[in-house]
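# Overview (structure and organization)
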Amino acid sequence: MPKVVLITGASRGIGREVANKLAKDGYKVIANYNKSEKEALKLKEENENIDIFKADVSKRDECQKLVEYTINNYEKIDILINNAGISKVGLFTDLKDNEWEEIIQTNLYSAFYMSQEVLKNMIKEKNGCIINISSIWGIVGASCEVAYSISKAGINGMTKALAKEVGPSNIRVNAIAPGMIETEMISDLTEEDKKEIIEETPLRKIGKPADIYKTVKYLIEDEYTTGQIISPNGGWIIT
Ligand code: NAP
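Our subject in this report is the structure included herewith. (Residues numbered from 1 in each chain as written. Predicted model: local features only at pLDDT ≥ 70, side-chain atom pairs only at ≥ 80, totals over all residues. Heavy atoms only, no water.)

## Some points on the site of the ligand
Surrounding the ligand, one finds 32 residues, the nearest of these being I14, S36, N83, Y148 and T183. Within the backbone of A55, an N or O atom sits 3.5 Å from a nitrogen atom of the ligand. Here the ligand loses 95% of its free accessible area of 890 Å² to cover by the protein chains. The set of elements that each furnish at least two residues to the shell around the ligand consists of helix 1 (13–24), strand 2 (28–33) and helix 6 (146–166). (Near = heavy atom within 4 Å. Polar contact = N/O pair within 3.5 Å; in protein donor to acceptor, adjacent residues only side chain to side chain. Areas by Shrake-Rupley, 256 points an atom, 1.4 Å probe, with all protein chains shown as cover. Helix = DSSP H or I, 4+ residues; strand = E, 2+ residues; numbered from the N terminus.)

## Side note on a nonpolar patch on the surface
Taken together, the side chains of F92, W100 and I150 define a hydrophobic patch exposed on the protein surface, amounting to about 290 Å² of accessible area. Structurally, I150 is set in helix 6. Using a relative accessible area of 37% as the deciding quantity, one classes I150 as partly exposed. (Patch = residues over 30% accessible without salt bridge, like charges linked within 9 Å, V, L, I, M, F, W, Y side chains within 5 Å. Salt bridge = Lys/Arg side-chain N within 4 Å of Asp/Glu carboxyl O. Buried < 20%, exposed > 50% of the residue type's maximum accessible area, 1.4 Å probe, protein only.)

## Focus on the pairing of strand 4 (residues 79–82)
Consecutive side chains along a regular strand alternate between the two faces of the sheet. Going residue by residue along strand 4, you find I79 and I81 tucked away on one face and L80 and N82 tucked away on the opposite face as well. Relative to strand 4, strand 1 (residues 4–7) runs parallel, the two sharing three bridges. When the bridges of strand 4 are listed, V5 appears paired with I79. Direction of pairing for strand 4 relative to strand 5 (residues 128–133): parallel, over a ladder of four bridges. Paired with N82 across the strands is N132, a residue of strand 5. (Pairing = 2+ DSSP bridges.)

## Looking at the pattern of salt bridges
Here the structure, examined in full by the defined rule, presents 13 salt bridges. We note a salt bridge from E99 to K88, for which the minimum N-O separation is 3.5 Å. Here K88 lies in the loop between strand 4 and helix 4 (97–125) and E99 lies in helix 4, a separation of eleven residues in the sequence. Across the salt bridge formed by K194 and E191, the nearest N and O atoms sit 3.8 Å from each other.

## Details of the environment of L66
Here L66 shows up in helix 3 (residues 60–74). For the pair L66 and T8, spaced 58 residues apart in sequence, the C-alpha separation works out to 9.5 Å.

## Remarks on the sheet that holds strand 3 (residues 50–54)
Within the open sheet, the seven strands sit side by side as 3-2-1-4-5-6-7. Their pairing is parallel. Strands at the two margins of the open sheet, each flanked by one partner only, are strand 3 and strand 7 (229–230). Packed on one face of the sheet, helix 2 (residues 37–46) meets strand 2 and strand 3 and runs near 160° to strand 3. Strands in contact with helix 4 are strand 1, strand 4, strand 5 and strand 6 (171–176); relative to strand 4, the strand with the most contacts, it is inclined by about 175°. (Contact = heavy atoms within 4.5 Å. Axes fitted to C-alpha atoms, helices over the stretch in contact; angles between N-to-C directions.)

So this is what it looks like as structure tokens:
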């Protein structure tokens, strides 16, 4: 029986690449999506090891259905990757309550709901690996992305605390805090903005989703790492 990976927000960007590559490595991957059904169907078509499931992970009941579907059809979840996320750029003083709520619900509550639902099974099995996709902004904070930075700082705190709590059940919890990665999430950046970032980055490049896959693979395979926040960012921000 191959290892079963449940990944949220896998229709596009980082999640899609990670799902595709893990499936090619022989994992059984349940790729969650919300709005991008066409992209999700194509992902499934491309790889027989991928199954897809629609759920808005900012909602508890939809997370429950996603986990139930996975356990009912694949018996277990070895690896959970909390990847779904949204960002919004704007002044803190202009931030509306509903915008704040949407960002915190989608980026932070989703990881809370999904981890809680999946842990019921992982604790019983005394085996599991949770990888949270955070952001460098959760470590250093981003001007004009206060809600996003808070959501990711929350993810980092949850990663450390939960790692301590579930380690004795042989469950590892780690976070990846990427720098700038070429996906639709950074489509608002101009070519000039990107050029500046590249000049500030010691490795002189913006990351690709495949770079994050490599960190995911490392965290799946390494059995002595837990509670860590790893930041693949080309040296752009060194803390
Ligand atoms: P992206 O290309 O915009 O993709 C976001 C993904 O999240 C999509 O598949 C989307 O699915 C899904 N999603 C959003 N809201 C959802 C919800 N309520 N329920 C289920 N899925 C939902 O973004 P990305 O760059 O790949 O980002 C992936 C993760 O990496 C995020 O957590 C992000 O914060 C983090 N990150 C990205 C960067 C970067 O520079 N790109 C840097 C640091 C951290 P649908 O389209 O199907 O709704």
